[in-house]
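The residues making up each chain are set out below.
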Amino acid sequence: MINRMSKSNGNGGLLHPSVDRVLVIEGTHAASYAVKLARVQVIAAYPITPQTSVVEKLSEIVSGGELQAKFIKVESEHSAMACCIGSSISGARAFTATSSQGLALMHELLHWAAGSRLPIVMVNVNRAMAPPWSIYVDHNDSLSQRDTGWLQFYAESNQEVMDTVLQAYKIAETVSLPVMINLDAFVLSHTSEPVAIPKQEVVDEFLPARKALFKVDTADPKAFGALIGPDAYMEMRYKLFQAMEDARAVIRDVDLEFSAKFGRSYGGLVEEYFTEDAEVVLLTSATAVSTARIAVDELRSMGFPVGLMKLRAFRPFPVDEIRALAQRVKKIGVMDRNISFGATGIIYQETKAVLYNAPVRPSLFGFIAGLGGRDITPETIKEIFSYLLNHDEPERETIWISLKSDSAGQEEPPIPEGPGGRMKSEGV
Amino acid sequence: MTRYKYTTVEEMPPLAFSLESTRKIPTGSWRHVRPVYKNKTSPCEVGCPAGEKIPVYFDLVRQKKYEEAWYKILEDNPLPGVTGRVCYHPCEGQCNRKPYDEAVAIHNIERFVADKNLRNKKLPQVSETPKSEKVAVIGSGPAGLSCAYQLSRKGYRTVIFEADHEPGGMLRYGIPEYRLPKKILDKEIADIESLGVEIRMDSRIGGNVAWSELEKFDAVFVAVGAMRSRKMDVAGEGLKGVYTGVDFLRDLSTGIVPKVGRQVLVVGGGNTAIDAARSAVRLGKKATILYRRTRAEMPAVPEEIEEAEKEGVRFEFLVAPAKITGVKGKASKIELIKMKLGEPDASGRRRPVPVKGSNYTMAADTIISAIGEEPDLSFLPYSFLKKGVRLFVDDDYSTGVPGIFAGGDAATNPNGTVVNAIRAGKDAAKSIDEFLGWRTQSNGLSHDVVHPDDVNTFYFPHEKRVKVPRIAVEKSKASFTEVNRTLTEGQALDEAERCFTCGTCLHCDVCLTFCPDVAISKDKDGEYVIDYDHCKGCGICVNECPREAMELVPEGAHEVEEEAVQA
């Protein structure tokens, strides 16, 4: 993984003054520590692999008195979200974590949380949907919740998990919408990395106590989320739509403010890597980004004009950023770690939709890779770049990478020749 | 109905909620059953002969209010340090936790509370005004002490006449030091005396004190206990080396070491037999208990039997003495006869029947007979009604002679248990109070007893019963040091935490938390108030209550009840 800490703090390797200590921890625990620093007041969750250690750590933190929070054990994810909704609507800062089937079980209440405009933050450890059972990463679980009104972030490193949780509360409480932070099963969730734990007082400055827009008050009971007629429902939807639109600027601003306080920035909705002079750009998300960075570095060293766009926020979708990129590159490849049956990869579809009304439309390629925890290695990425460099247009709408098939019909792309030499053919 | 006032999206709030309070919608009218708070009786309270308010004092223990907990016990029992050690704890047999995992160690908590107050000499202030009547109590055993104590709390001047040199009766002379240290007994008797109870030692009624002395009193409570060992009725019982359990234990209690041989045979299956056998072990002897029925029928407390086994006491069942023979007036052999179990007798246990021709002989120089005790009532000046060897008393402990009451082992308590004697003393005090023209309030126990199924065990994780700390067997066998230790504070708090507190509201807020209509609130005194205008009668509070301190009643039933009260 990229050592983002040393890259972004300007102290020549010294720790940023906001850092309390550096711990080598897994991604799940990075989330737990962030929840503690955010002074969350209610935690309700149901255990599911690989999310469990998020909540285990939190239960220790709460029972040890390190965090003054109500920890509610529940009988299902549906109840977990119900508890978050109840506590959030009474003004508390609420948190839950889940994964895969658990997230699916929450579905109805995800609509409730967003429709009630509650700034709940959830960590979802991306795990493939069953059947067949899998506990390994892909993104179909969270992307299936695309239209529930939740903001969605995808993290690349454990540090980003921690930092995004802290940013998420600020964003959520500004726009009054819930936020889901996604991290890849095992690749992040159970991999230890050094994580800078910020000082509590700096977090407190960045993230003061929640000021709720509205609260339930048992002394003055009201009906919340009550029945509404056709004469006003549409307006209420418009408000939610508008809040999500407003969130784009808020995400960018919060990232800038975070950067000023903590010395780390994630670029807002996207982060670009070697895109200034790139002709071919790969658009992808989550841990595959850090792998792609290695492939890009290597191809760049060989002289290939390749670049990378990291999709950090999926909702709201980074429309402006992608359109701006399209103005200056020839080809964009989208690597989806998900599949929408009957269509294509989901981020590919979204990217295509964004570009249709753009003044310039580069060639767009959709790749499917890494489903159900299949490794995405630098070789996988190079295979994709190889395809991109060797094709003016995609041969088909969906190109499956590393599919074990005799009749996939996928033509072996020729090994390209670049100014810096021949690209290695291994794994391509 | 108020229409919303917004016309454009800009004016609208982010979330749809009613503009007015929903309080004006009386959803309570949908209700056909209503929840009410109603404390019930826990089975342990019913099981405790002394009627201790166990859930209440347990809650005080949990709050570390040990003095208040002690005061709560003292309402019903002035000897918690004693019963906390030697009681056969029928409360635990009734405990609702028993079918769930293991009964709560109630008697150990009782002992913990008593021992926490070992240096506390400040007994609760009794509010009753002093009364002019005087009551005499004969005997300072648990029944006499309990009766005198309760009468004293009711404002009577009470005098106990004790024939012995020291007070306590069987508590002092019958229970060995390793089970009940004398200093505990002395402390609790001193507590009773501090209330104004006078104990006159060496005052044997019908002996150095004339019966007529009692005529100065307005009522008498006869609690002389059962201090005389029953005879085995076999030849040779008078030989040297044959003791009664009562005498053997009395000697040890007064510092006399009885002369016993290496092999001690104890006849009997009750607590006296076990006490004698375990005491013999402590004198460095081998002890064997001979019992005419089987282990299942032994009246001794099961824990005591186990302890005796641990310490090496041997048991022989289905055997009875036939005769004892001796040389030069000293016992040397015992002839035994084998028994088998026949039809159940009056006690419900199967009657032992001798097996003809099964006699056999054993060498025996020390035989302790402990087949039961009976009262010595020869001091009574005229004939009272009897039931067997004991005094007959009515349900109110009256003997038939006006003003004379009786209880404890001498009358009501054939099993000779301490706690039943305490209960007799307490209840007799109530009757004496009424006899003297006063009215005693009831203890307020409701007739609804909480059953195991009524407890919402979701709130109570399985937890093992506390393991009572004790000194090592090798050590306990070698001395009269108390075997069992008092629970540590941590153990006591953990064990108290295991108590379900059946039927007593602890203001845990579960009802309030779960009410989906926010129809439960607390008043300024912290008591729950149900808003029946909005309670829909869903029953979640009642269902969720961990300890059955609420119930659902049909709508309208409460009105009938209220009218009945008014009428």
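Computed from a predicted structure; not experimentally measured. (Residues numbered from 1 in each chain as written. Chains lettered and ligands numbered in written order. Predicted model: local features only at pLDDT ≥ 70, side-chain atom pairs only at ≥ 80, totals over all residues.)

**Examining the sheet that holds strand β7 (residues 242-244) of chain B**
Where strands meet in a sheet, backbone hydrogen bonds hold them as pairs that are either parallel or antiparallel.
All names here are of chain B.
Working step 1: If you walk across this open sheet you meet the five strands as β7-β15-β8-β9-β10, and the pairing is parallel. The open sheet has two edge strands, β7 and β10 (314-317), and neither has a second partner. On average, each strand axis in the sheet is tilted by 25 degrees relative to the strand beside it, whichever way the strands run.
Working step 2: Alignment of strand β9 (residues 286-291) against β10, held across four bridges, turns out to be parallel. Across the sheet, Y291 pairs through a bridge with F317, a residue of β10.
Working step 3: Docked against the sheet, helix α10 (residues 245-253) engages β7 and β15 (366-369), running at close to 80 degrees with respect to β7.
Working step 4: Its contacts with the sheet place helix α11 (residues 271-282) against β8 (263-267), β9 and β15, and it is angled at close to 165 degrees to β9. (Pairing = 2+ DSSP bridges. Helix = DSSP H or I, 4+ residues; strand = E, 2+ residues; numbered from the N terminus. Axes fitted to C-alpha atoms, helices over the stretch in contact; angles between N-to-C directions. Contact = placed C-beta atoms within 7 Å.)

**Brief notes about the interface of chain A and chain B**
Working step 1: Counting residues at the interface gives 19 residues for chain A, matched by 12 residues for chain B.
Working step 2: Each residue belonging to the side of chain A that touches chain B can be placed in one class, and the counts come to 10 nonpolar, four polar and five charged. (Nonpolar A, V, L, I, M, F, W, Y, C, P; charged D, E, K, R; others polar.)

**Points about the domain arrangement of chain B**
Residue and element names in this part refer to chain B.
Working step 1: We note that the domain assignment places domain 1 (134-227 + 376-435) and domain 2 (230-374) within chain B.
Working step 2: Computed over C-alpha atoms, the centres of domain 1 and domain 2 are 29 Å apart.
Working step 3: On the domain 2 side, the residues contacting the 11 residues of domain 1 number 12 residues.
Working step 4: Its residues assigned to classes, the side of domain 1 that touches domain 2 shows seven nonpolar, three polar and one charged. (Domains from an automatic or database assignment.)

**A look at the packing of helix α2 (residues 54-62) of chain B against helix α15 (residues 489-498) of chain B**
Residue and element names in this part refer to chain B.
Working step 1: Taken N-terminus to C-terminus, the directions of α2 and α15 make an angle of 135 degrees; their axes are 9 Å apart at the nearest point. With respect to each other, α2 and α15 are oriented oblique. For the pair α2 and α15, the sense of crossing is left-handed. For the pair formed by α2 and α15, the contact residues are F58, V61 and R62 on the first element and A492, L493, A496 and E497 on the second. (Parallel < 35°, antiparallel > 145°, perpendicular 65-115°, else oblique. Left-handed = near helix turned anticlockwise from the far one by under 90°.)

**Comments concerning the sheet that holds strand β12 (residues 313-315) of chain A**
Residues and elements named next belong to chain A.
Working step 1: Here we have seven strands laid out as an open sheet, ordered β3-β2-β4-β5-β7-β6-β12, and mixed in their pairing. Unpaired on one side and paired on the other, β3 (70-73) and β12 mark the two borders of the sheet. Taken pair by pair, the neighbouring strands of this sheet meet at an average axis angle of 20 degrees, ignoring direction.
Working step 2: Relative to β3, strand β2 (residues 42-45) runs parallel, the two being bridged by four bridges. The partner of A45 across the bridge, within β3, is K73.
Working step 3: Along the sheet face, helix α8 (residues 158-175) touches β5 (121-126), β6 (151-154) and β7 (179-184) and points at about 170 degrees away from the line of β7.

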